[in-house]
Number of protein chains: 2
Amino acid sequence: MTARISTQKKILNAAETLFSRDGFEQTSLRQITQEAGVNLASVNYHFGSKKALIQAVMARYLVVFMPVLEEQLQLAEQQSELKTEELFKRFKIPLAKLTEVNKHGPDIFLRLLGFAYSEIQGHLRKYTQQEFGGVLQHLLALLKRANPHLSEQQMFWRLHFILGAAVFAQVSGQALIEIAQAEFNQKVNAQDVIDHLIPFVSGGLEEA
Amino acid sequence: MTARISTQKKILNAAETLFSRDGFEQTSLRQITQEAGVNLASVNYHFGSKKALIQAVMARYLVVFMPVLEEQLQLAEQQSELKTEELFKRFKIPLAKLTEVNKHGPDIFLRLLGFAYSEIQGHLRKYTQQEFGGVLQHLLALLKRANPHLSEQQMFWRLHFILGAAVFAQVSGQALIEIAQAEFNQKVNAQDVIDHLIPFVSGGLEEA
DNA sequence: GCATGATTTAAACATGCGTTTAATCTAATT
DNA sequence: AATTAGATTAAACGCATGTTTAAATCATGC
């Protein structure tokens, strides 16, 4: 007995597939509704607008990801010694949790996040800022404690470089992963990319 | 006696201003021709298409930048010891050369390059790959020599992270620069960003 | 000073987008 | 079985985009 899937869920599923593959702006409502097998107008009926649909797609992951990340940061805070790489590694736990949303949740979420930042979607940036703001402030405070040798300015720029490296890796991700797989003859997924990314950004951040 | 500026140049100038500020996709031909004070159809008359205009805008900088970069890499190659940070610093010379094209040439070019990679403009990626390909291969070879402790895979990913950090810094650049200026009360330009970027990517690349 | 080819112009074209409308269908309630 | 609120549908709307057309204008060589 296959459970009937509501139109809303069909739209969300199709949207996240296409958004994570092609980006938000590059994906039209017509593509989404066709993929979902529903009528074009149903997006506006159920979600109000494309903007709202995008936020709904993000929300399914954020509500899982954010609390677990905050939890991890609090655990880190209690440790006697704060190491940069340790802090970044903490991201892996909330990320892994996303498999509960979708088998490929971690990959999808990271790519969505990448597009959210790389496309100049004012509204999405505001939205994630709003949702992420507190936790990111927390992370920043911990990184400062772990790297007291860095000035405010150095920290400011390096954090944004890190964000850029992470975002870019995800957005160019599929193409890069395909190249990497062809070149090194082994399966690569988003988690592997993270494992490569962590030492890189840790080294970059700590550099004198 | 102000020399008469050809329609083509007017278009190129207006286009590079708007492209570097808002990106390629976000800038319409109507905006460009209005800014340039020329007729809408003149873009297609003189350049054939928007794609071709974008490439023409890039070409003005690439033809200056690329030979100087290649020259610098050859100089680096002759040195006895190759240091990572040394290699990245070499980018500053061809970049500075771009002031000959435009007073703010370095800033403009970096932002254009950022958009070229961050927007999924297949044609532009192919174009830059085609133009840059050889020189980038050269850079990769030198970086490998400077970092023999890194595996092929580590090098592959870290190079792309570096690209991401650099691109992102430029694309989010203006917004970030404004934040930084407000926060630290000092003028910031693209060159300063590069100066922050170089130790970061060097540290990240070298990390064991 | 005219003819000719290059350029500029205003207008229209074709396409794709997000959104809205109004009619129709569905399913639960009375 | 009739009513009614919710969901779905096909169609159109309004707008913006890159591109093309065909006429008008300009500049150049004879």
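First, a word on scope: everything that follows refers to the structure included in this document. Computed from a predicted model, the values in this text were never measured in an experiment.

**Remarks on the pattern of salt bridges**
Residue and element names in this part refer to chain A. Evaluation of the coordinates by the stated rule reveals ten salt bridges over all chains. Note that arginine 60 is salt-bridged to glutamate 16, the shortest N-O span being 3.1 Å. Here the residue arginine 60 occupies a position in helix 4 (residues 50–78), and glutamate 16 occupies one in helix 1 (residues 7–22), the gap between them amounting to 44 residues. Residue arginine 60 is classed as partly exposed on the basis of its relative accessible area, which comes to 21%. Lysine 92 serves as the salt-bridge partner of aspartate 195, at 2.7 Å between the closest nitrogen and oxygen. Taken together, the residues span a long stretch of sequence, with aspartate 195 in helix 11 (residues 190–206) and lysine 92 in helix 6 (residues 92–97) at a distance of 103 residues. Judged by relative accessible area, which is 37%, aspartate 195 ranks as partly exposed.

**Topic: the protein's contact with DNA strand D**
Neighbouring DNA strand D are 16 residues; A:Thr7, A:Tyr45, A:His46, B:Arg30 and B:Lys50 lie closest to it. Of what DNA strand D places within 4 Å of the protein, 47% of the atoms are sugar or phosphate. Contact distances for DNA strand D include 2.9 Å between a phosphate oxygen and a side-chain N or O atom of A:Tyr45. Between DNA strand D and B:Asn44 there is a distance of 3.2 Å, counted from a phosphate oxygen to a side-chain nitrogen or oxygen.

**Examining the environment of B:Lys144**
Residues and elements named next belong to chain B. Turning to its location among the elements, lysine 144 is positioned in helix 8 (residues 122–146). In contact with lysine 144, not counting residues within four places along its chain, are Glu152 and Met155. In terms of polar contacts, lysine 144 uses its side chain to reach the side chain of glutamate 152, at 3.2 Å.

Rules of the game
Residues numbered from 1 in each chain as written. Chains lettered and ligands numbered in written order. Predicted model: local features only at pLDDT ≥ 70, side-chain atom pairs only at ≥ 80, totals over all residues. Heavy atoms only, no water. Salt bridge = Lys/Arg side-chain N within 4 Å of Asp/Glu carboxyl O. Helix = DSSP H or I, 4+ residues; strand = E, 2+ residues; numbered from the N terminus. Buried < 20%, exposed > 50% of the residue type's maximum accessible area, 1.4 Å probe, protein only. Near = heavy atom within 4 Å. Polar contact = N/O pair within 3.5 Å; in protein donor to acceptor, adjacent residues only side chain to side chain. Contact = heavy atoms within 4.5 Å.

Everything listed here is a matter of geometry and, on its own, says nothing about what the molecule does.
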